[in-house]
Amino acid sequence: MCGIVGYVGQADRAGRDYVALDVVLEGLRRLEYRGYDSAGVALVHDSGVHWRKKAGKVAALEAEIAARPLPEAVVGIGHTRWATHGGPTDANAHPHVVAGGKLAVVHNGIIENFAELKADLMAKGFSFLSETDTEVAASVLADQLASAGDLTEAMRRTCMLLDGAFTLLAVHADFPERIVAARRNSPLVIGVGEDEYFLGSDVSGFIDYTKDAVEMDNDQIVTITPSGYQIIDFSGGVAEGKPFRVEWDAAAAEKGGFDSFMEKEIHDQPAAVRDTLMGRLDENGKLTLDELRIDESILRSIDKIIVIACGTAAYSGQVARYAIEHWCRIPTEVELAHEFRYRDPIVNEKTLVVAVSQSGETMDTLMAVRHAREQGAKVIAICNTHGATIPRESDAIIYTHAGPEIAVASTKAFLAQITASYLLGLYLAQLRGNMFADEVNRVLDELRAIPEKIAEVLAHEDQIKDLGTAMGETTSVLFLGRHVGYPVALEGALKLKEIAYIHAEGFAAGELKHGPIALVEEGQPVFIIVPSPRGRDSLHAKVVSNIQEVRARGAVTIVIAEEGDTAVEAYANHVIRIPQSPTLMQPLLATVPLQIFAAQVAKSKGYDVDQPRNLAKSVTVE
Ligand code: M6R
């Protein structure tokens with residue numbers, strides 16, 4: 001939540017045709033998915049600090065700058081906001097400028113003790129223009145600077161006084177060639193160019209300019225100048241960052257000819273699954289997970305798995321539970337991360353916690369990871385963002401290789417998370433002797449066939465889009481599924497809620513008769529995900545009965561079923577076909593039409609598909 005960007009270049013910019021404002025605005029456009037309630041920039045010029053800020057999206061800020069231009073500068077910071085303290089107004093927009101216009105600060109996170117700090121500052125004669133916790137942090141910094149005399153040291157002293165989560169960036173007219181930035185429980189990455197340095201909430205903040213980046217640890221401060229960067233920890237000791245090279249380029253974060261990032265990311269899914277599967281077999285054809293650094297003996301001894309995650313990532317965990325329990329015979333629970341630690345969960349050295357997060361920065365999931373590790377559990381992160389906080393704080397990592405996911409509604413990350421969780425399940429089953437190598441390889445072959453099958457679903461997207469356009473006026477949609485189809489139903493409902501603002505509910509199809517069927521009346525649209533007729537335990541027949549039950553009560557049934565499954569036709573108003581696949585593989589296919597449907601409904605209603613109201617991509621507050 002909130003996107004932050006910083007840039008320090010050289011006054012002599014031979015060979016470069018951009019200035020700080022270009023870099024900062026480009027970074028904000030790329031980070032806008034993190035929050036879009038307001039945007040602002042501050043530049044350091046010989047004549048002092050100059051800033052503009054505006055409620056609304058980055059485009060509103062650009063219009064403001066066009067109307068009231070800023071001077072050319074080589075040092076700048078910027079911010080795109082997801083409001084926490086104070087509404088989305090111009091006054092609450094960042095940067096917050098204090099010290100008579102000399103000091104500008106942008107912030108991501110929440111300062112929990114801001115009220116107390118504000119009272120102290122007011123007693124000292126400070127006054128405030130906004131309702132934000134950020135302005136309080138800026139004033140604390142100004143206050144500390146008066147005694148410290150140095151911006152970096154003042155930031156260090158300020159951090160010691162702040163409770164909560166924060167990334168703070170500060171520029172000051174008296175220190176014109178530097179940006180000082182601090183992080184605690186909030187993301188910040190350094191970008192390294194040639195005689196120029198960058199800061200970003202993530203690498204997309206500077207991907208247009210460099211692919212060389214440096215990870216920072218928690219509770220560290222970095223000072224960037226045109227000649228380099230220096231990191232210290234909050235106690236003042238010199239620290240080292242961890243350099244890495246970004247694997248994707250700016251084109252991966254473009255719409256690539258689609259109207260929205262979400263549509264592009266839906267179409268990225270064959271590659272997301274394929275790339276997540278790549279390079280996982282050793283020279284003997286045995287499944288290996290390179291980033292898994294937990295002793296094998298520990299993994300053999302675990303007696304419980306708990307998947308912790310939020311939103312779509314949690315639904316991927318619900319899908320994975322069926323596979324992991326089936327393959328490994330280890331009891332597996334899935335828990336929303338924000339509920340996990342508050343229920344005093346039974347976690348010990350024999351518990352394996354799997355933290356699933358696209359961003360790797362979700363605060364609820366991070367706090368659950370910390371809680372689990374404090375109880376002695378080992379934690380494996382399944383994450384799409386290199387060097388993010390959750391993988392850094394976990395015992396092992398399985399990276400999903402979905403590429404950058406920009407749309408707030410998660411699509412390709414979901415499929416990649418299921419793929420990575422399945423790899424983990426197969427790895428554990430192999431390690432613990434629950435599956436022979438040939439059985440593991442058979443499932444891997446099924447997984448390898450998925451990208452092509454997703455492409456087949458995408459090839460028929462027009463049918464789903466027509467349905468989406470026709471159903472634009474619908475006010476309520478139900479989604480039903482059983483077994484792995486149940487979390488798919490939940491995910492389909494979430495997509496429709498978050499981008500089309502339509503009331504939608506996902507149900508386990510068997511639960512319908514215990515209450516929810518009372519909702520069904522003439523014309524009620526109901527999506528039903530039908531398992532393979534070749535599957536086990538008469539699951540297929542049960543779901544076909546559920547279709548009949550809602551149809552008999554007037555529902556309009558939209559059935560997602562395998563090619564060749566003729567049993568559903570008599571009861572379906574619409575049939576959406578997906579390629580045949582084993583039941584456990586079906587979520588990787590059946591989810592895709594639901595994503596296309598939600599995107600099309602949102603589009604046909606004229607909504608912003610990528611940036612739905614009230615939401616942000618990366619939820620870094622609890
Ligand atoms: O970055 P994470 O995977 O940890 O994010 C978790 C949820 O916030 C996220 O999946 C959210 O539910 C999406 N907007 C759903 O589309």
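Residues numbered from 1 in each chain as written. Predicted model: local features only at pLDDT ≥ 70, side-chain atom pairs only at ≥ 80, totals over all residues. Heavy atoms only, no water.

A. Region of interest: the UniProt feature "domain: SIS" (unreviewed entry) in the protein. Here the UniProt feature "domain: SIS" (unreviewed entry) sits at residues 294-434 and 467-612. Measuring from the first to the last C-alpha atom of residues 294-434 gives 19 Å, for a span that is 45% helix and 20% strand. (UniProt positions renumbered as here; feature names shortened; annotations may be inferred. Helix = DSSP H or I, 4+ residues; strand = E, 2+ residues; numbered from the N terminus.)

B. The site of the ligand, seen in detail. The environment of the ligand is made up of 14 residues, and the closest members are Ser357, Gln358, Ser359, Thr362 and Glu498. Thr312 is positioned with one of its backbone polar atoms (N or O) 3.2 Å from an oxygen atom of the ligand. Glu498 has a polar side-chain atom sitting 2.4 Å from an oxygen atom of the ligand. Summarising the interface, the protein chains cover 90% of the accessible area of the ligand, which totals 410 Å² for the free molecule. Those elements that place two or more of their residues in the shell around the ligand are helix H9 (311-328) and helix H17 (485-500). Counting the residues that make up the shell around the ligand, at least three belong to each of domain 2 (254-448) and domain 3 (459-609). (Near = heavy atom within 4 Å. Polar contact = N/O pair within 3.5 Å; in protein donor to acceptor, adjacent residues only side chain to side chain. Areas by Shrake-Rupley, 256 points an atom, 1.4 Å probe, with all protein chains shown as cover. Domains from an automatic or database assignment.)

C. Layout of the UniProt feature "active site" (unreviewed entry) in the protein. Taken from the UniProt record, the annotation "active site" (unreviewed entry) applies to Cys2 and Lys617. These annotated residues cover 616 residues of sequence, but their C-alpha atoms sit close together, with the largest distance between any two at 9.2 Å. Structurally, Cys2 can be placed in the segment before strand E1 (3-8). Assessed through its relative accessible area of 6%, Cys2 is described here as buried. (Buried < 20%, exposed > 50% of the residue type's maximum accessible area, 1.4 Å probe, protein only.)

D. Spotlight on the environment of Asp608. The topology assignment puts Asp608 in the segment after helix H19 (587-604). Of the polar contacts made by the side chain of Asp608, one reaches the side chain of Lys57; its length is 2.6 Å. In this structure the side chain of Asp608 is engaged in a polar contact, spanning 3.0 Å, whose partner is the backbone nitrogen of Gln611.

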